[in-house]
Amino acid sequence: IPLNRYSFFKSLKTNMLPPSQIQISATLTDDNVLIYKTNDAENARVVISKFILWIPRMIFNSTGLSYVMKNYMIPTSWTYLREMIQTLNNIRHEDNNFRISPSILNPKYVFVFFQRSNKMNSQNENPYLFDTFKLNAADDNCHLQSARLTVGNGIYYPENEFTYDNIVRIFKAVNNYVYKQNDKNTGSLLNLKNFKELYGMLFFNITYKNETDNITNDPKEIVLNYKLNTAPVADYSIYSIVICEQTVRVDVLGNELILYT
């Protein structure tokens, strides 16, 4: 996955960091949540056995080095989008509120999906498929019926809640992000069928709400208010990804440039 898929590195297209150390951490899943597949011949697990990190290096001539020192090695700042992941594990509520964050600055987008809890400790199930609209393993009788967020001042977003009866509206909201906000692909692999059965999720674009409601730049509380159509037969978990705006700042400290994020 190219690093410019991540907002921090993408922001460096028009900026340059001072000499600094960047650490990239990868968390490997344990044996219980490896992708498990079955074919006609035998059972097998897909295992990542090798990581390769490729980093292009720029070597400046004297003119380029002077340009960099003049335009980039000075106090400056810019913004990028950072992810915050929160989970609510092993619950069986039919109607509930999930407090995603009690206090967060500049939230822009929120993704939410539901998943059956037993997927995270079974080699026979793929943990990267979502169960938002199929919380019962045997059938789709239990699913998310309605949901919306409370952002900051207690006003619901969207004003008209997302509902299963109008799942096309939820699907369009996700696709709007894919096409309008994320321009790294020429199209989407999602269609309504696999969205409902495999990759069901909720997407909330709270960018406009922040611009009109964040005059004092106060941290915001984000709460998911949701309801299932019926009581689930097993535990489920909720995963949320909040994408918020954060500032990178390069300051001068003596003869050194210090990076703050």
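S.K.: Please clarify how the nonpolar core should be interpreted in this entry.
M.R.: In summary, soluble globular proteins display a tendency toward joint burial of nonpolar side chains. Counting residues in each nonpolar core, the largest one holds 43 residues, and the members touching the most others are Phe114, Leu224 and Tyr226. Once you skip the residues sitting within four places of it in the chain, phenylalanine 114 turns out to touch Phe130, Asp131, Thr132, Leu135, Leu144, Leu224, Tyr226, Leu228, Tyr236, Ser237 and Ile238. Among the nonpolar cores identified, the runner-up in size contains six residues, and Phe8, Tyr80, Val248 and Val250 belong to it.

S.K.: Help me understand unusual backbone geometry in this model?
M.R.: A negative phi angle characterises most non-glycine residues, just as the trans form characterises most peptide bonds. In the segment running from tyrosine 157 into proline 158, the intervening peptide bond is cis, with an omega of -5°. Here the phi dihedral of asparagine 106 falls at roughly 55°; this positive angle occurs in a residue that is not glycine. The class of asparagine 106 is buried, set by a relative accessible area of 19%.

S.K.: How do you make sense of the environment of asparagine 106 when you look at a structure like this?
M.R.: Inspection of the secondary structure assignment puts asparagine 106 in the loop between strand 4 (95–104) and strand 5 (107–116). Considering only alpha carbons, one finds asparagine 106 and glutamate 245, 139 residues apart in sequence, at a separation of 5.4 Å.

S.K.: What am I meant to see in the sheet that holds strand 7 (residues 155–163) here?
M.R.: Paired through backbone hydrogen bonds, the strands of a sheet run either parallel or antiparallel to each other. The sheet built from four strands is open, its strands ordered 4-9-6-7 with antiparallel pairing. At either margin of the open sheet sits one strand with a lone partner, and together these are strand 4 and strand 7. Taken over all neighbouring pairs, the strand axes of this sheet differ in orientation by 15° on average, direction set aside. Taken together, the seven bridges between strand 6 (residues 144–151) and strand 9 (residues 220–228) define a ladder with antiparallel strand orientation.

S.K.: Which parts of the structure should I look at to understand the packing of aromatic side chains?
M.R.: Aromatic ring pairs are defined here through the distance separating the ring centres and the angle between the ring planes. This structure, assessed with the given rule, holds 15 aromatic pairs. Measuring from centroid to centroid gives 5.1 Å for phenylalanine 111 and tyrosine 177, while their planes differ by 80°, and the two rings are edge-to-face. With phenylalanine 111 in strand 5 and tyrosine 177 in helix 3 (residues 167–181), this pair connects stretches of sequence that are 66 residues apart. For the pair phenylalanine 111 and tyrosine 177, a shared accessibility class is recorded, and that class is buried. With 5.2 Å between their ring centres and 80° between their planes, phenylalanine 114 and tyrosine 226 make a pair best called edge-to-face. Here the residue phenylalanine 114 occupies a position in strand 5, and tyrosine 226 occupies one in strand 9, the gap between them amounting to 112 residues. Pair check on accessibility: phenylalanine 114 and tyrosine 226 agree, each one buried. Site record: aromatic cluster; members linked through ring pairs are Tyr109, Phe111, Tyr177 and Phe203. Of note, arginine 148 hangs over the ring of tyrosine 156, and the distance from its end group to the ring centre comes to 3.8 Å. Positioned above the aromatic ring of tyrosine 260, the side-chain terminus of arginine 249 is 4.6 Å from the ring centre.

Calculation notes
Residues numbered from 1 in each chain as written. Predicted model: local features only at pLDDT ≥ 70, side-chain atom pairs only at ≥ 80, totals over all residues. Heavy atoms only, no water. Core = buried A, V, L, I, M, F, W, Y, C linked by side-chain atoms within 4.5 Å. Buried < 20%, exposed > 50% of the residue type's maximum accessible area, 1.4 Å probe, protein only. Contact = heavy atoms within 4.5 Å. Helix = DSSP H or I, 4+ residues; strand = E, 2+ residues; numbered from the N terminus. Pairing = 2+ DSSP bridges. Axes fitted to C-alpha atoms, helices over the stretch in contact; angles between N-to-C directions. Phe/Tyr/Trp six-rings, centres within 6.5 Å; stacked < 30°, edge-to-face > 60°. Lys NZ or Arg CZ within 6 Å of the ring centre and 35° of its normal.

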